[in-house]
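Structural description and commentary
Read off the chains here:
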Amino acid sequence: EQAAIDIWGKGNTDRMIPPLRYVDEELEAMNQLKNEIKTYADEMTAKFIVGHEPIENYDKFINQLKTMGVENVVEVMQGAYDRRLEK
């Protein structure tokens with residue numbers, strides 16, 4: 001058990017994405033949006049896969065994600081990533 005911990009602890013972390021840090025206002029707003037968007041996206045993805053939603057409605061799906069604020073979430077995440085790179 002300890003041997004495994006030692007081996008994994010020596011792994012190369014050069015390619016790991018560093019954790020992002022958000023300011024409180026960003027985090028609160030983003031978490032609410034992310035949860036709603038993820039739920040909707042997961043449900044619709046399953047519907048597309050099993051055929052309960054025609055693929056012709058994919059553009060409507062994307063537009064709904066935009067209406068829900070997916071672009072805002074991406075913008076906040078990009079800002080946090082950019083701040084991380086500045087350090």
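Scope of this entry: the structure provided in the associated data block. (Residues numbered from 1 in each chain as written. Predicted model: local features only at pLDDT ≥ 70, side-chain atom pairs only at ≥ 80, totals over all residues. Heavy atoms only, no water.)

On inspection of all chains with the given rule, the structure shows 2 salt bridges. With a shortest N-O distance of 2.7 Å, K38 and D42 are connected by a salt bridge. Highlighted residues: K38 and D42, both in helix α2 (residues 24–50), separated by 4 residues, approximately one helical turn. Residue D42 is classed as partly exposed on the basis of its relative accessible area, which comes to 43%. (Salt bridge = Lys/Arg side-chain N within 4 Å of Asp/Glu carboxyl O. Helix = DSSP H or I, 4+ residues; strand = E, 2+ residues; numbered from the N terminus. Buried < 20%, exposed > 50% of the residue type's maximum accessible area, 1.4 Å probe, protein only.)

What follows covers helix α3 (residues 58–68). Those residues of α3 that fall on the buried side of the exposure criterion are F61, L65 and M68. Viewed end-on, α3 has its buried residues packed into an arc of 65 degrees, placing them on one side of the element. Exposed residues pointing more than 90 degrees away from the buried face of α3 are listed as D59, K60 and T67. Structurally, α3 contributes buried residues whose contacts are with α2 and α4 (70–86). (Arc of directions from axis to C-beta. Contact = heavy atoms within 4.5 Å.)

Before going further, it helps to spend a moment on the packing of α2 against α3. One way to put it is that α2 packs onto α3 with a least axis distance of 10 Å and a crossing angle of 170 degrees. With respect to each other, α2 and α3 are oriented roughly antiparallel. The segment α2 lies against α3, with L33, E36, I37, Y40, A41, M44 and F48 engaging Y58, F61, Q64, L65 and M68. Along the lines of polarity and charge, the residues of the contact of α2 with α3 split into 10 nonpolar, 1 polar and 1 charged. (Axes fitted to C-alpha atoms, helices over the stretch in contact; angles between N-to-C directions. Parallel < 35°, antiparallel > 145°, perpendicular 65-115°, else oblique. Nonpolar A, V, L, I, M, F, W, Y, C, P; charged D, E, K, R; others polar.)

Between α2 and α4, whose axes approach to 9 Å, the crossing angle comes to 135 degrees. For the element pair α2 / α4, the angle class is oblique. Considering only the axes of α2 and α4, their crossing is left-handed. Residue-level contacts link E26, M30, L33, K34 and I37 of α2 to V70, N72, V73, V76, M77 and R83 of α4. The class makeup of the residues in the contact of α2 with α4 is 7 nonpolar, 1 polar and 3 charged. (Left-handed = near helix turned anticlockwise from the far one by under 90°.)

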